[in-house]
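# What the coordinates show
Below, each chain spelled out in residue letters.
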Amino acid sequence: MRILITVQLRERQDAVESLASQLAERHERVLELVEHVGERQRAVDAMIAKLGESHEKVHTLTAQVAEREAELEKMRSTLGWRLLRQYGKVKYRYLLPISRLLNPSRRAKDEPA
């Protein structure tokens, strides 16, 4: 009976050692995966930072474009008003292209079909 208990004890001890070995291997694998996830997270964070910088640049450029368009529209309207006040309605053919440039909304009406 003693031998039977010793054999069973040895079998259980071998099983525990096997399970401990498997647990250690899995723990190493989990640590590798955690490191891999950390690398990926750092890459994602870098991309997010880059995207934020790009978004700021786009926002700045959009504001600059809006300012330039407003300046251009102001110049167009001022120049058009001066021409209209000085020359009246465009009667001379050589001034017609200038009038069309200054009034893009009227361009479709003035052009022949």
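What you are looking at is a predicted structure, and each value in this text was computed from that prediction instead of being measured.

### Here's the deal with the overall build of the chain
A tally of helices and strands in the chain yields three helices and zero strands. For the chain, the succession of helices and strands along the chain, N to C, is α-α-α. Here the chain, with 113 residues, has 4% of them falling under the buried criterion. Accessible surface computed for the chain: about 10,800 Å², of which carbon and sulfur atoms make up 60%.

### As for the confidence of the model for the chain
Taken residue by residue, the chain gives an average pLDDT of 83. The fraction at 70 or more is 71%. The least confident element of the chain is helix α3 (residues 107-110), whose mean pLDDT is 50; the most confident is helix α1 (residues 2-87), at 90.

### Remarks on the pattern of salt bridges
Following the criterion strictly, the structure yields three salt bridges and no others. Between aspartate 14 and arginine 10 there is a salt bridge; the shortest N-O distance is 3.4 Å. One end of the pair is aspartate 14 and the other is arginine 10, both in helix α1 and four residues apart, which spans about a single turn. With a closest N to O distance of 3.5 Å, arginine 29 and glutamate 32 form a salt bridge.

So, how was this worked out
- Residues numbered from 1 in each chain as written.
- Predicted model: local features only at pLDDT ≥ 70, side-chain atom pairs only at ≥ 80, totals over all residues.
- Heavy atoms only, no water.
- Helix = DSSP H or I, 4+ residues; strand = E, 2+ residues; numbered from the N terminus.
- Buried < 20%, exposed > 50% of the residue type's maximum accessible area, 1.4 Å probe, protein only.
- Areas by Shrake-Rupley, 256 points an atom, 1.4 Å probe, with all protein chains shown as cover.
- pLDDT = per-residue confidence, 0-100.
- Salt bridge = Lys/Arg side-chain N within 4 Å of Asp/Glu carboxyl O.

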